[in-house]
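Now for the letters of each chain:
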Amino acid sequence: MQEFVTAGDPFRLLAPDGTLADPQAWPADLVREQYRWMRLTRRLDSEAFALQRHGELGLWAPSLGQEAAQVGSITALRPTDYVFPSYREHAAALVRGVTPAQMLEQWRGVSGCGWDPAALHLHAYTVVLAAHLPHATGYAMGVQRDGTDEVVTAYFGDGASSQGDANEAFNWAAACSAPVLFFCQNNQYAISTPARLQMRTPLHQRARGFGLESYLVDGNDVLAVHEVTKRAVEQIRSGGGPALIEAVTYRMGAHTSSDDPTRYRDQAESDAWAAQDPIVRVEKLLDAQDWWPDGWRAGLDAECDRLGEELRAACQAFGTVDLDGLFDTVLGAPTALLEAQRAEYASFLASFEEVGR
Ligand SMILES: Cc1ncc(C[n+]2csc(CCOP(=O)(O)OP(=O)(O)O)c2C)c(N)n1
Ligand SMILES: [Mg+2]
């Protein structure tokens, strides 16, 4: 296998036209399994986006286009390796066994986290950029103290890499040799700010300055992501210290359901990245190698349909959101400021009733 590239061009195994240097070296069932998770993730994402548009969810952050970066990496971890996602890692949640209903709870506003983080070794979605990176580092220090060989992973974006929290976490993880993998999906944008405008030196190069092992990978190539993550995780698990992976990908959709990306990026750019679609790429490989067992593809189509149906049914079964209750879980004991905000919000909600009269 070709050496992992840590500078210059991202490491790639599968070309956008589906060409793979040595297809026979790859078990077909591993390729199909990666493809299956990517297809399920894409279906989950499109259904959830549609549910938001129907007014069923407060917000949705699409993972469209980032399926390879997410699936390739999460499947390279052990199910017991603790993961700190940000808000877009829906593939990680699916692979870890979060059910469709649990997946939507936070986006519907019916709970702060739909699943049990300890049971699934998957933390709640974190919206405050990079806040979970020092948490992941601290968690990894606990793992180190306990002497187990668990590897902790934190997912974050190009924009989050500019936060002070991220940089403190990189430094402290390196200083303590904490068993943590920092996985950056450089999807080219922090909402409307292009990555090229907010950093002078690419993240994988900055990582070296902190003393982290670092890797640059084509984030739309699920096989390359899987291999690079496996390599990084082996190094961390065997006591080699923390690592950072920068996966170069593209946010094909909007930042969230509240965003209109046509306001700040060209169609030509989106079209160029559409030609790098991570799912189409694997489909081309499966076609070229004829790695479709009889009935397998139709079975997966049906599985995607079932996931969509489950999501819609689960969403419609949610009760109404207890808006007042939101204030109960902000702090252990209420403060005067919190009570004032609660009252202000209650009168804001009441103003809609007046409009309706
Ligand atoms: C500390 C903090 N500042 C600002 C925001 C508002 N915000 C939400 S997402 C986002 C952009 C993040 O971009 P990136 O880290 O590249 O992740 P992506 O959304 O592209 O996955 C910003 C500025 C926030 N959530 N937290
Ligand atoms: Mg980004």
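Up top you'll find the structure we're talking about.
Residues numbered from 1 in each chain as written. Chains lettered and ligands numbered in written order. Predicted model: local features only at pLDDT ≥ 70, side-chain atom pairs only at ≥ 80, totals over all residues. Heavy atoms only, no water.

Visitor: How do you make sense of the site of ligand 1 when you look at a structure like this?
Guide: In the vicinity of ligand 1 lie 15 residues, with Tyr87, Arg88, Gly159, Ala160 and Tyr189 positioned nearest. Within the backbone of Ala160, a nitrogen or oxygen atom sits 2.7 Å from an oxygen atom of ligand 1. One of the side-chain N or O atoms of His255 is found 3.4 Å from an oxygen atom in ligand 1. Look at ligand 1: alone it shows 590 Å² of surface, and the protein chains cover 73% of it. A breakdown of the residues in the shell around ligand 1 according to their chemical character gives 8 nonpolar, 5 polar and 2 charged. (Near = heavy atom within 4 Å. Polar contact = N/O pair within 3.5 Å; in protein donor to acceptor, adjacent residues only side chain to side chain. Areas by Shrake-Rupley, 256 points an atom, 1.4 Å probe, with all protein chains shown as cover. Nonpolar A, V, L, I, M, F, W, Y, C, P; charged D, E, K, R; others polar.)

Visitor: What's the story with the coordination of the magnesium ion (ligand 2) in this structure? I'm lost.
Guide: As a benchmark, a tetrahedral metal site with four donors has ideal angles of 109.5 degrees, while an octahedral site with six donors has ideal angles of 90 or 180 degrees. Protein coordination of the magnesium ion (ligand 2) is provided by Asp158 (OD), Asn187 (OD1) and Tyr189 (O), with donor distances spanning 2.1 to 2.2 Å. All donor residues of the magnesium ion (ligand 2) come from one chain, and their arrangement in sequence is D-x28-N-x1-Y. Asn187 gets classed as buried once you look at its relative accessible area, which sits at 5%. (Donors = N, O, S within 2.8 Å, 3.2 Å for Na, K, Ca; no water. Buried < 20%, exposed > 50% of the residue type's maximum accessible area, 1.4 Å probe, protein only.)

Visitor: Would you mind going over the nonpolar core with me for this structure?
Guide: Looking at soluble globular proteins, one finds that nonpolar side chains tend to be buried together. Counting 65 residues, the largest nonpolar core has Val31, Leu57, Leu104, Val217, Leu223, Ile245 and Val282 as the members making the most contacts within it. Leave out the neighbours within four places in its chain, and Leu104 touches Ala48, Leu51, Leu57, Trp60, Leu311, Cys315 and Phe318. (Core = buried A, V, L, I, M, F, W, Y, C linked by side-chain atoms within 4.5 Å. Contact = heavy atoms within 4.5 Å.)

Visitor: Explain the pattern of salt bridges to me, please; I cannot follow it from the model alone.
Guide: A pair can form between side chains of opposite charge whenever their charged atoms are brought close. Applying the stated criterion to the full structure yields 21 salt bridges. Across the salt bridge formed by Asp81 and Arg237, the nearest N and O atoms sit 2.7 Å from each other. Note that Asp81 is positioned in the loop between α2 (67-74) and β1 (83-84) and Arg237 in helix α10 (residues 222-237), a separation of 156 residues in sequence. Under the relative-accessibility criterion, Asp81 is labelled buried at 1%. Taking the relative accessible area as the measure of exposure, Arg237 reaches 19% and is therefore buried. Connected through shared salt-bridge partners, Arg43, Glu47, Asp305 and Arg312 make up one network. (Salt bridge = Lys/Arg side-chain N within 4 Å of Asp/Glu carboxyl O. Helix = DSSP H or I, 4+ residues; strand = E, 2+ residues; numbered from the N terminus.)

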